[in-house]
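Spelled out from the first residue to the last, the chains are:
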Amino acid sequence: MNDRRRALPSVDRLLHEPEVQTLLAAAPRAAVVTAIREALDAARTRRAGPPEDWATDIRERLAERRRPGLRPVLNATGVVVHTNLGRAPLAESAVQAMTAIAAGYSNLEFDLDTGTRGSRTDHCRELLRRVTGAPDALVVNNAAGALVLALNALAAGRDVLISRGELIEIGGSFRIPDIMTRSGARLREVGTTNRTHLDDYRQALDGDVAAMLTVHRSNFAQVGFVASPEPAALAALAVEAEVPYLHDVGSGLLADLAPWGLTSEPRVADALAAGAGLVLFSGDKLLGGPQAGCVVGGSALVARCRDNPLARAMRADKLTLAALGATLALYEDADTSVREIPVLRMLTLAAAELEQRATRLAAECPSVLGPTLVPGESAVGGGSFPNAALPTTLVALDAGALGPDGLALRLRLGDPPVIARVSAGRVLLDPRTLPDDAAPHIGRALAQALLA
Ligand SMILES: *Cc1c(COP(=O)(O)O)cnc(C)c1O
């Protein structure tokens, strides 16, 4: 042990340094003391010995310890509905609605007219009915939950017909066959992987069948020698057989994105118009709201879901209902929805606007990185429009000695973390998924990454 290390100050002496004292205004004493102990331990074991400036070292350790695990990041990947980055950013009015409800009490389950118990299932019901045209609606935690609930409520212990081409894996641990098994319903596969016909369903319909299910192939597209019946034909067959027809459309597309060339996702209203008894979808994909699962459709079917005990286990919380309600309200006017809902705004950004943003972004990037504009593509993400490539303008950076992965790593470890793409030896930034005013923040993050 050298002399510098032997001469380490005591915890008490460091605690009484004036600059350390100021930390006590913002953090509990116990947290400051822990940071001091950490600084001392590090000084003891580190070859370089004590830090140049104890107060700075302690302040940084304290900040590190107090940083929340869940943090905002800047998404420069160009993937709009990025499941790993929290899917849909919320509209301003949804954030306000959540904040207003979060801080106090609310009429979550209280009828203000009568002063008696009300129901939380009333809150988004009317809006969902209005924007989808469905007779009734229910909100639960997410679409996976909605599917389990609907299958359990309508088909527990009985058979559900589904095409072999729709036994899909959505992501991670979400596989349709597993979900169906957990719901208590028995899966009865019809057709083949690439082709399923109406007759396949018709021949399978017997006394054990409790429902027919269509699951949208969200994250992939089948091309070539393929066939599947139209939802309207399946709905008609279900009516004939007197069993409910469920359609899991996945992304919850309410808007009409055809003017922007995005047509391959089923819209909720179209699925209902085709005759589905229940339509199930996510709140935080193309709908652009909070994590939620919506069940819309006929009143008798929705009521069976609402009255099922699983509905209690999957109920949406008040913040979700507040944010979802505010998001749905924006759909009452098509222009408003595209302007105010971030997911829709990002998907429909004009090429010229993206180029301008890329130009502003490049201007803020340190010149040693040689920022250049290159044409590229953004992705919708979230398993929606798997084939769609949205033209964009990227800022390409040459990371030099750091290497592209090294620069991307430093950007991720920055504050705020910036998530970039790495491709063909370059770091790429897509302005589509960055906030309008992000350019200076990205510039600072890059400067910081070069220093680190
Ligand atoms: C994404 C998706 C789900 C799951 O939705 P969550 O809200 O994430 O639970 C279910 N079905 C389909 C077809 C999907 O695309």
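Let's talk about the sheet that holds strand S9 (residues 186-190)
Then, number 1: Spatially, the seven strands line up as an open sheet ordered S5-S13-S12-S11-S10-S6-S9, and their pairing is mixed. Looking at the sheet topology across the chains shown, the edges are occupied by strand S5 (136-140) and S9. Each strand axis lies, on average, 25° off the axis of its neighbour in the sheet, ignoring direction.
Then, number 2: Here strand S12 (residues 278-282) runs beside strand S13 (residues 293-297); their pairing, made up of five bridges, is antiparallel. For Leu280, the partnering residue across the bridge sits in S13 and is Val295.

Concerning the site of the ligand
Then, number 1: By nearness alone, 13 residues border the ligand, and Arg87, Ser218, Asp248, Ser282 and Lys285 come closest of all.
Then, number 2: Within the side chain of Ser218, an N or O atom sits 2.4 Å from an oxygen atom of the ligand.
Then, number 3: Here Lys285 contributes a side-chain N or O atom positioned 2.8 Å from an oxygen atom of the ligand.
Then, number 4: Of all the secondary structure elements, the ones that give two or more residues to the shell around the ligand are helix H8 (143-155) and strand S11 (245-250).
Then, number 5: Residues belonging to the shell around the ligand are distributed by class as follows: five nonpolar, five polar and three charged.

Concerning the packing of aromatic side chains
Aromatic ring pairs are described here by two measures, namely the spacing of the ring centres and the angle between the planes.
Then, number 1: Summed over the entire model, instances satisfying the criterion amount to zero aromatic pairs.
Then, number 2: Positioned over the ring face of Phe225 is Arg195, at 3.8 Å from the centre of the ring.

A few points about empty space enclosed by the protein
Then, number 1: Enumeration according to the criterion identifies one cavity of 30 Å³ or more in this entry.
Then, number 2: In this structure, the largest cavity encloses a volume near 80 Å³.
Then, number 3: Lining the largest cavity we find Arg357, Arg360, Leu361, Pro431, Leu434, Pro435, Asp436, Ala438 and Ala439.
Then, number 4: When its residues are assigned to classes, the lining of the largest cavity shows six nonpolar, no polar and three charged.

A closer look at helix H18 (residues 351-364)
Then, number 1: Over its 14 residues, H18 runs 20 Å from end to end, which matches the ideal 20 Å to within 8%, given 1.5 Å per residue.
Then, number 2: Those residues of H18 that fall on the buried side of the exposure criterion are Leu354, Arg357, Ala358, Leu361 and Ala362. Viewed end-on, H18 has its buried residues packed into an arc of 135°, placing them on one side of the element.
Then, number 3: Looking at the buried residues of H18, the elements they touch are strand S14 (372-381), strand S15 (390-397), strand S18 (426-429) and helix H20 (439-451).

A closer look at the sheet that holds strand S17 (residues 421-423)
Then, number 1: One open sheet accounts for five strands, arranged S2-S14-S15-S18-S17; its pairing is mixed. If you trace the sheet from one side to the other, it starts and ends with strand S2 (79-81) and S17, each paired once. For this sheet, the mean inter-axis angle between neighbouring strands, taken without regard to orientation, is 40°.
Then, number 2: Direction of pairing for S2 relative to S14: parallel, over a ladder of two bridges. The partner of Val81 across the bridge, within S14, is Gly381.
Then, number 3: Of the strands in this sheet, S17 and S18 are in contact with helix H19 (residues 404-412), which crosses S18 at around 40°.

With respect to the pattern of salt bridges
Then, number 1: The tally for this structure, following the rule as stated, stands at 29 salt bridges.
Then, number 2: Among the ionic pairs, Glu109 bridges to Arg315, the shortest N-O distance being 3.6 Å. Here Arg315 lies in the loop between helix H14 (309-313) and helix H15 (318-330) and Glu109 lies in the loop between helix H6 (92-102) and strand S3 (110-111), a separation of 206 residues in the sequence.
Then, number 3: Exposure remark for Glu109: the relative accessible area of 24% places this residue in the partly exposed category.
Then, number 4: Look at the salt bridges and you will find they share partners, linking Glu38, Asp57, Arg61 and Arg65 into a network.

The rules behind these values
Residues numbered from 1 in each chain as written. Predicted model: local features only at pLDDT ≥ 70, side-chain atom pairs only at ≥ 80, totals over all residues. Heavy atoms only, no water. Pairing = 2+ DSSP bridges. Helix = DSSP H or I, 4+ residues; strand = E, 2+ residues; numbered from the N terminus. Axes fitted to C-alpha atoms, helices over the stretch in contact; angles between N-to-C directions. Near = heavy atom within 4 Å. Polar contact = N/O pair within 3.5 Å; in protein donor to acceptor, adjacent residues only side chain to side chain. Nonpolar A, V, L, I, M, F, W, Y, C, P; charged D, E, K, R; others polar. Phe/Tyr/Trp six-rings, centres within 6.5 Å; stacked < 30°, edge-to-face > 60°. Lys NZ or Arg CZ within 6 Å of the ring centre and 35° of its normal. 1 Å grid on protein atoms, 1.4 Å probe; cavity = no way out; pocket = protein on both sides within 12 Å on 5 of 7 lines; lining within 4 Å. Points joined across faces, edges and corners; volume = space filled by probe spheres on them. Expected span 1.5 Å × (residues − 1). Buried < 20%, exposed > 50% of the residue type's maximum accessible area, 1.4 Å probe, protein only. Arc of directions from axis to C-beta. Contact = heavy atoms within 4.5 Å. Salt bridge = Lys/Arg side-chain N within 4 Å of Asp/Glu carboxyl O.

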